[in-house]
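Secondary and tertiary structure notes
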Amino acid sequence: MPDFEVWDVIKVPFPYAGRPVRQRRPALVIVANGIPQEHGLLWVLMITSAENRPWSGDVAVSDLPTAGLPAESVVRTAKIATIEAKEAERIGTLPAADRAEVTRYIRAALAWVTD
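Everything in this summary refers to the structure shown in the same document. (Residues numbered from 1 in each chain as written. Predicted model: local features only at pLDDT ≥ 70, side-chain atom pairs only at ≥ 80, totals over all residues. Heavy atoms only, no water.)

So, on to the overall build of the protein. What the protein contains, in helices and strands, is 4 helices and 6 strands. When the helices and strands of the protein are read in sequence order from the N terminus, they spell out β-β-α-β-β-α-β-β-α-α. Out of the 115 residues belonging to the protein, those deemed buried represent 43%. Partitioning the intrachain contacts of the protein with sequence separation of at least 6 by distance along the chain shows that 60% fall at a separation of at least 24. In the structure as shown, the protein presents an accessible area of about 6800 Å², 53% of it carried by carbon and sulfur atoms. (Helix = DSSP H or I, 4+ residues; strand = E, 2+ residues; numbered from the N terminus. Buried < 20%, exposed > 50% of the residue type's maximum accessible area, 1.4 Å probe, protein only. Contact = heavy atoms within 4.5 Å. Areas by Shrake-Rupley, 256 points an atom, 1.4 Å probe, with all protein chains shown as cover.)

Turning our attention to the packing of aromatic side chains. A complete count under the given rule lists 0 aromatic pairs for this structure. Its end group placed over the ring of Y105, R104 keeps NZ or CZ at 4.6 Å from the ring centre. (Phe/Tyr/Trp six-rings, centres within 6.5 Å; stacked < 30°, edge-to-face > 60°. Lys NZ or Arg CZ within 6 Å of the ring centre and 35° of its normal.)

A few words now on the pattern of salt bridges. Using the criterion set out here, one finds 5 salt bridges in the structure. Between E89 and R24 there is a salt bridge; the shortest N-O distance is 3.9 Å. Placement of the pair is E89 in strand β6 (residues 89-93) and R24 in strand β2 (residues 19-31), with a sequence separation of 65 residues. Accessibility expressed as a relative area gives 41% for R24, which makes it partly exposed. Ionic pairing is found between E84 and K86, a salt bridge with its closest N-O pair at 3.5 Å. Take K86: its relative accessible area is 61%, and that puts it in the exposed class. (Salt bridge = Lys/Arg side-chain N within 4 Å of Asp/Glu carboxyl O.)

Counting residues in hydrophobic clusters, the biggest one holds 16 residues, and the most contacted among them are L28, L45, V61, L69, V75, L94 and V102. Taken together, the elements giving at least two residues each to this core come down to β2, β3 (41-49), α2 (64-67) and α3 (96-109). Counting residues per element, this core draws most heavily on β2, at 3 residues. Setting aside chain neighbours within four positions, we find L28 in contact with W7, D8, V9, W43, V44, L45, I47, V75, L94 and V102. Of all hydrophobic cores here, the second largest spans 11 residues; its members include A27, L42, A81 and A88. (Core = buried A, V, L, I, M, F, W, Y, C linked by side-chain atoms within 4.5 Å.)

The residue W7 is not glycine, and still its phi comes out positive at about 85 degrees. By the secondary structure assignment, W7 is in the segment before β1 (8-16).

Further remarks concern α3. Since there are 3.6 residues in each turn of an α-helix, residues three or four apart along the chain are aligned in direction. With 14 residues, α3 should cover 20 Å at 1.5 Å per step; its first-to-last C-alpha distance of 21 Å lies within 8% of that length. Listing the buried residues of α3 in full gives D98, V102 and I106. All buried residues of α3 fall inside an arc of 70 degrees around its axis, so they share one side. Those residues of α3 that are exposed and aimed more than 90 degrees away from the buried face are A97, A100, R107 and A108. (Expected span 1.5 Å × (residues − 1). Arc of directions from axis to C-beta.)

Here it is in structure tokens:
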């Protein structure tokens, strides 16, 4: 199984909510500690075209070549999935300039866990 790190941009068969369809698309690894090693799973956020209707919590990817993305894209922090690590392929990394904003949205979304 390949090793992945938090902030890796990967290509995976991403599930769609409400549809029995999976399409290979970019995603952002947000958990890469014990879960992949113990269970072979990754927690990822969807990355989608910046041309799509914006959602609250979208974070623009500031450096496409570093991220390995071919077109203007956003990290859609509202769409999280658990995928099998063996199906993932690393294509880049999220630019450091974008990480604090992604972290802020994830912490806000998960704030109820610490309350």
